[in-house]
Amino acid sequence: MQKNTLKYSALVFAGGASYGIMATTVKFALNDGFSWTQIAASQPLFGTLLFAAALLVLILRGKRPVRLSPKRIASLLALGLTTCTTCVLYNFALTKLPVAVAITLLFQFTWIGVVIQIIVTRRRPQPAELAAAAVILGGTLLASGLFSEALDQVDPLGVVCGLLSAVSTALFMFLSGRIGVDLPPIQRGLFVCLGACILGFIACPTYFASGALQAGIWKYGLVLGAFGLLIPVILFGIGTPHLPTGLSTIMASSELPCGILVSVLILGEPIDVLQTIGIVVILAGVVVSQLPNLLPPKLPDSAT
């Protein structure tokens, strides 16, 4: 049991880390003149294309897709709406708030996931999960660079959208462990991405007419589709059904340290001592959450 928990936790950790590529990619796309709505629509579009290509390869190799009822298709599309909701809300928050503030608000999903677990499953979180959530929140405040930002003008709408993006992230982690978990990951991911496309094109109805594809947004769409949907949807789909929601959201907090590392290596952005300490604290929080699985199991008392 302990080894299995570690394995599935590692998959969710890797899925969260893949999200860390997104912030730098979005920054490049914005610098190239694309709007946040065009970027939000590109991610699910190219995620869908990548999943469709992968499914086609499987079909050509003789694997038949599972027949799905309309009800199951609707549930998968709804799951896709939750992940695209995070993308839309977070991208909008970035236009209203400093990056550090937006990241800090998004990462409230670590404790929101624990709350959802308590409300829905009536399962009390383990002490290690509560301790890890507290440690990770403290590390997030340091790693985000929040203390280096001037917060005299914080847009209330941006704050609301940032917090709602945290709620939608926690909901996606919760639902990902319960919807379509018995389906092949590629087929499941295709319908999830199709659901995300619905909201993406609602946010940007002029996407195709705008000429964004001809202008080169497809480069960023491929990266966002791969690291924002293809990889995490598959890894979360495999890992989250075997983990409590609280533990899943804790493991997915790998996004922040990975995102900072990518921005330092690719964008050359500076990182101060507090941010470095914050990254270490976040990783320490992940270790704390896994202590029950890292320690040797208690041996039953021998009969006397």
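Here's a quick rundown of the structure.

Parameters and conventions
Residues numbered from 1 in each chain as written. Predicted model: local features only at pLDDT ≥ 70, side-chain atom pairs only at ≥ 80, totals over all residues. Heavy atoms only, no water. Helix = DSSP H or I, 4+ residues; strand = E, 2+ residues; numbered from the N terminus. Rg over C-alpha atoms; globule rule 2.2 N^0.38 Å. Buried < 20%, exposed > 50% of the residue type's maximum accessible area, 1.4 Å probe, protein only. Contact = heavy atoms within 4.5 Å. Areas by Shrake-Rupley, 256 points an atom, 1.4 Å probe, with all protein chains shown as cover. Lys, Arg positive; Asp, Glu negative; His and termini not counted. Charge placed at Lys NZ, Arg CZ, Asp CG, Glu CD. Expected span 1.5 Å × (residues − 1). Patch = residues over 30% accessible without salt bridge, like charges linked within 9 Å, V, L, I, M, F, W, Y side chains within 5 Å. Salt bridge = Lys/Arg side-chain N within 4 Å of Asp/Glu carboxyl O. Phe/Tyr/Trp six-rings, centres within 6.5 Å; stacked < 30°, edge-to-face > 60°. Axes fitted to C-alpha atoms, helices over the stretch in contact; angles between N-to-C directions. Parallel < 35°, antiparallel > 145°, perpendicular 65-115°, else oblique. Left-handed = near helix turned anticlockwise from the far one by under 90°. Nonpolar A, V, L, I, M, F, W, Y, C, P; charged D, E, K, R; others polar. Polar contact = N/O pair within 3.5 Å; in protein donor to acceptor, adjacent residues only side chain to side chain.

Here we look at the overall build of the chain
In terms of regular secondary structure, the chain is built from 14 helices and 0 strands. Secondary structure elements of the chain occur, N-terminal to C-terminal, as α-α-α-α-α-α-α-α-α-α-α-α-α-α. Taking 304 residues into account, the globule formula puts the C-alpha radius of gyration at 19 Å, and the chain, at 20 Å, falls close to it. Taken along its principal axes, the extent of the C-alpha atoms in the chain is 80 × 55 × 35 Å. Taking all 304 residues of the chain together, 50% fall into the buried category. Taking all contacts inside the chain whose residues are at least 6 apart in sequence as the whole, residues at least 24 apart take part in 90%. Accessible area for the chain stands at about 14,500 Å²; split by element, carbon and sulfur atoms hold 70% of it. Separation of charge centres in the chain, based on 17 positive and 10 negative side chains, amounts to 20 Å.

Thoughts on helix α12 (residues 255-267)
A rise of 1.5 Å per residue sets the reference length of α12, with its 13 residues, at 18 Å; its end C-alpha atoms lie 17 Å apart and thus fit the reference within 8%. Within α12, burial applies to Glu255, Leu256, Pro257, Cys258, Gly259, Ile260, Val262 and Ser263. Positive backbone phi, at 70 degrees, marks Gly268, one or two positions downstream of α12.

Looking at a nonpolar patch on the surface
On the surface, Leu157, Val160, Leu164, Val167 and Leu171 cluster together into a nonpolar patch covering about 370 Å² of accessible area. The exposure class of Leu171 is partly exposed, given its relative accessible area of 35%.

A short note on the side chain of Ser42
Inspection of the secondary structure assignment puts Ser42 in helix α2 (residues 36-60). Relative accessible area serves as the criterion here: at 1%, Ser42 is assigned to the buried category. Contacts of Ser42, omitting those with residues within four sequence positions, involve Tyr207, Ile217 and Gly221.

A closer look at the packing of aromatic side chains
A complete count under the given rule lists 7 aromatic pairs for this structure. Each ring, one from Tyr207 and one from Phe208, has its centre 5.2 Å from the other, and the planes form 85 degrees; the classification is edge-to-face. Linked through ring pairs, Tyr19, Phe172 and Phe236 together constitute an aromatic cluster.

Let's talk about the packing of helix α3 (residues 70-96) against helix α8 (residues 185-203)
Contact geometry of α3 with α8 gives a least axis separation of 6 Å together with a crossing angle of 50 degrees. On the basis of the axis angle, α3 is oblique to α8. As for the relative orientation of α3 and α8, their crossing is right-handed in sense. Contacts between α3 and α8 involve Ile73, Leu76, Leu77, Leu79, Gly80, Leu81, Thr83, Cys84, Thr85 and Val88 on the former and, on the latter, Arg188, Phe191, Val192, Leu194, Gly195, Ala196, Ile198, Leu199, Gly200 and Ala203. Its residues assigned to classes, the contact of α3 with α8 shows 14 nonpolar, 5 polar and 1 charged.

Comments concerning the pattern of salt bridges
Per the stated rule, a full pass over the model turns up 1 salt bridge. A salt bridge links Arg72 to Asp182; the shortest N-O distance between them is 2.6 Å. Of this pair, Arg72 sits in helix α3 while Asp182 sits in the loop between α7 (156-176) and α8, and the two are 110 residues apart along the sequence. By relative accessible area, Arg72 is classed as partly exposed at 27%.

What about the packing of α8 against helix α10 (residues 217-239)?
Packing of α8 against α10 leaves a shortest axis separation of 10 Å and a crossing angle of 125 degrees. For the element pair α8 / α10, the angle class is oblique. As for how α8 packs across α10, the hand of that crossing is right-handed. Here α8 contributes Pro185, Ile186, Arg188, Gly189, Val192 and Cys193 to the contact with α10, which in turn contributes Leu229, Val233, Ile234, Gly237 and Ile238. Looking at the contact of α8 with α10 residue by residue, the class counts come to 8 nonpolar, 2 polar and 1 charged.

Focus: the environment of Ala131
Summarising the element assignment, Ala131 is placed in helix α6 (residues 127-143). For Ala131, a relative accessible area of 33% gives the class partly exposed. Linking Ala131 and Lys96, residues 35 residues apart in sequence, is a C-alpha distance of 32 Å.

Quick notes on helix α5 (residues 109-121)
With 13 residues, α5 ought to run about 18 Å at 1.5 Å a step, and its terminal C-alpha atoms sit 17 Å apart, in line with that. Every buried residue of α5 is listed here: Phe109, Thr110, Ile112, Gly113, Val114, Ile116 and Gln117. With its phi angle positive at about 60 degrees, Arg122 sits one or two positions after the end of α5.

Some details on the side chain of Thr240
Checked against the element boundaries, Thr240 lands in the loop between α10 and α11 (245-251). There is a polar contact of 3.5 Å between the side chain of Thr240 and the backbone oxygen of Ser176. Sequence-distant contacts of Thr240, defined by excluding residues within four places in its chain, comprise Val12, Met173, Ser176, Gly177 and Ser248.

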